[in-house]
Amino acid sequence: MWSSVANGRPLAGTQLFNPIEVGELRLKHRLVMAPLTRLRAPGGVLHQDWATQYYSQRSQRPGTLIITEGAVPAPQFGGIDNAPGLWLPEQLAAWKQVFHCIHANKSYVFVQLWSAGAQGDPATLARDGLRYDAASDNLYLTPELEVKAIKARNYQHGLTVNEIEEYVRGFVRASKNCIEAGADGVEIHCANGYLLNQFLDPFSNKRTDDYGGSISNRARFALRIVDAIAGAIGASKVGVRLSPFSSFGAMSGARDPSTLAQYAYLIGELERRAQHGQRLAYIHLVDPHGRDANEFVYSVWKGIVIRTGGLATRPQVAEELVKNDRTLLGYGRYFISNPDLVVRVEYGLPLTQYDADTFCSWGPHGYIDYPNYKM
């Protein structure tokens, strides 16, 4: 039924399988499940049977860190149907079952906090009586989104300062909800062209107030959220995901000469806070394939770094990256199709090829029916 891909290089005996402390957790190895959008949560409620099975399968190796799919703190943060939410009792009850099954496997879980911003669907937002929020007014990421917004009469809206404060409070409430439901921490999604990345990027941020213009101003929203969440649940329970050189979601990436300076400033501010007793659990980097551009992070940030980007089929790259003792490796798409991925990477076993058509489809197929490797 499923085709396979050669792995070819066992990583047992490498640094990848040494234990490490991350925030308040002691992981038994350094292979992390990266956040993976699955969109199987109608009304924002995870399917209780499917989701618990899905996360239980992928946390089966004790001591694994699972970073969940992006979860929406409040309706205004969304605009993507079937993304899980964090504001209704029934949503949190479903998440609580997921956290329980991960902990039953003696593994750990951080919930990714997601706000789509201008990558949301303006028609979906209009249907629900919600604004089409972004960093700036009427500055569409793509012509297709502009057409959708005009047709829905839900034009792109640059957040006001008061609305930014509402978002900060929403992120804090969601973080507290996650911890109260049993999660070990949260990851703030500042990557891949979503709302917080839109504030960081000069292509999508044309503001002239305290949240736009300069490098420090563009970083202000992300840092406000980091500070507020760290103050609410503790810095050691917070991670941040960044994609400095990625152009996903129409971001500037390496095309803009200020990119390096923008992220060096942001990460430097995180390190400055760390040196005053507020060190985050980790910084999570999306690496462009074939690039070492993100190596600069280690000279600025002295904490844990998660590196993610096509590592399952590049074990030689994984082995090299993890030689740095502060590095963990995030695996994404192949964790979907290989629930026992930790074992397969450890022993160089063949990988089951994923079916991209089922990434965000409805139903259990391509979600919970991928098998473990049969020895």
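This report concerns the structure included in the present document. (Residues numbered from 1 in each chain as written. Predicted model: local features only at pLDDT ≥ 70, side-chain atom pairs only at ≥ 80, totals over all residues. Heavy atoms only, no water.)

Here we take up the overall build of the protein. Along its length, the protein carries 13 helices and 14 strands. Computed over the C-alpha atoms, the radius of gyration of the protein is 20 Å, within 12% of the 21 Å expected from 2.2 N^0.38 for a compact globule of 375 residues. Referenced to the eigenvectors of the C-alpha coordinate spread, the extents of the protein come out at roughly 60 × 45 × 35 Å. Per-residue burial over the protein gives 58% buried out of 375 residues. Here the contacts in the protein between residues at least 6 apart in sequence split such that 71% fall between residues at least 24 apart. Surface exposure of the protein reaches about 14,500 Å², of which carbon and sulfur atoms provide 51%. The distance from the centre of the 38 positive side-chain charges to the centre of the 36 negative ones in the protein is 3 Å. (Helix = DSSP H or I, 4+ residues; strand = E, 2+ residues; numbered from the N terminus. Rg over C-alpha atoms; globule rule 2.2 N^0.38 Å. Buried < 20%, exposed > 50% of the residue type's maximum accessible area, 1.4 Å probe, protein only. Contact = heavy atoms within 4.5 Å. Areas by Shrake-Rupley, 256 points an atom, 1.4 Å probe, with all protein chains shown as cover. Lys, Arg positive; Asp, Glu negative; His and termini not counted. Charge placed at Lys NZ, Arg CZ, Asp CG, Glu CD.)

The next subject is the side chain of E163. Within the secondary structure, E163 is located in helix 5 (residues 161-181). Judged by its relative accessible area of 12%, E163 falls in the buried class. When sequence neighbours within four positions are dropped, the list of residues in contact with E163 reads R131, H157 and G158.

Next up on the list: the pattern of salt bridges. Opposite charge on two side chains lets them pair, provided their charged atoms get close. Tallying each qualifying case throughout the model produces 20 salt bridges. The salt bridge partner of K237 is E24, with a shortest N-O separation of 3.1 Å. Highlighted residues: K237 in the loop between helix 8 (220-233) and strand 10 (238-242) and E24 in the loop between strand 2 (20-22) and strand 3 (25-27), separated in sequence by 213 residues. Of the residues examined, E24 reaches a relative accessible area of 56% and is grouped as exposed. (Salt bridge = Lys/Arg side-chain N within 4 Å of Asp/Glu carboxyl O.)

With parallel pairing, the eight strands of this closed barrel are ordered in space as 4-5-6-9-10-11-12-13. Between one strand axis and the next, the sheet turns by 25° as a mean value, whatever way the strands run. Of the strand pairs in this sheet, strand 10 and strand 11 (residues 282-286) are connected by four bridges, and their pairing is parallel. In the sheet register, V240 faces strand 11, and the bridge partner there is I283. Across the sheet, helix 1 (residues 48-58) is in contact with strand 4 (31-33) and strand 5 (65-71); its angle to strand 5 comes to roughly 145°. (Pairing = 2+ DSSP bridges. Axes fitted to C-alpha atoms, helices over the stretch in contact; angles between N-to-C directions.)

Mapped onto the secondary structure, A261 falls in helix 9 (residues 259-274). For the pair A261 and S216, spaced 45 residues apart in sequence, the C-alpha separation works out to 9.9 Å.

This part covers helix 1. At 3.6 residues per turn, the α-helix brings residues three or four places apart onto the same side. Residues of helix 1 that are buried: W50, A51, T52, Y54, Y55, Q57 and R58. On its buried face, helix 1 is in contact with strand 4, strand 5, helix 2 (89-104) and helix 12 (333-337).

Now for the nonpolar core. Formed by 98 residues in total, the largest nonpolar core has its most connected members in F221, I229 and Y331. The residues contacting Y331, other than those within four sequence positions of it, are L11, L16, L31, V32, M33, A34, L311, A312, A318, L341 and V345. V22, L25, F110 and A281 belong to the second largest nonpolar core, which has 13 residues in total. (Core = buried A, V, L, I, M, F, W, Y, C linked by side-chain atoms within 4.5 Å.)

This part is about the packing of helix 5 against helix 8. Packing of helix 5 against helix 8 brings their axes to within 9 Å, and their N-to-C directions diverge by 35°. Seen along the crossing, helix 5 lies across helix 8 with a hand that is right-handed. Contacts from I164, E165, Y167, V168, F171, V172, S175, K176 and I179 in helix 5 reach F221, R224, I225, A228, I229, A232 and I233 in helix 8. Here the contact of helix 5 with helix 8 is built from residues that sort into 12 nonpolar, one polar and three charged. (Left-handed = near helix turned anticlockwise from the far one by under 90°. Nonpolar A, V, L, I, M, F, W, Y, C, P; charged D, E, K, R; others polar.)

Our focus in this paragraph is unusual backbone geometry. Positive phi values are uncommon outside glycine, yet L39 reaches one of about 50°. As for its placement among the helices and strands, L39 is situated in the loop between strand 4 and helix 1. The exposure class assigned to L39 is buried, which follows from its relative accessible area of 16%. At N192, a residue that is not glycine, the phi angle is positive and equals roughly 60°. Relative to the elements of secondary structure, N192 occurs in the loop between strand 9 (185-189) and helix 6 (195-200).

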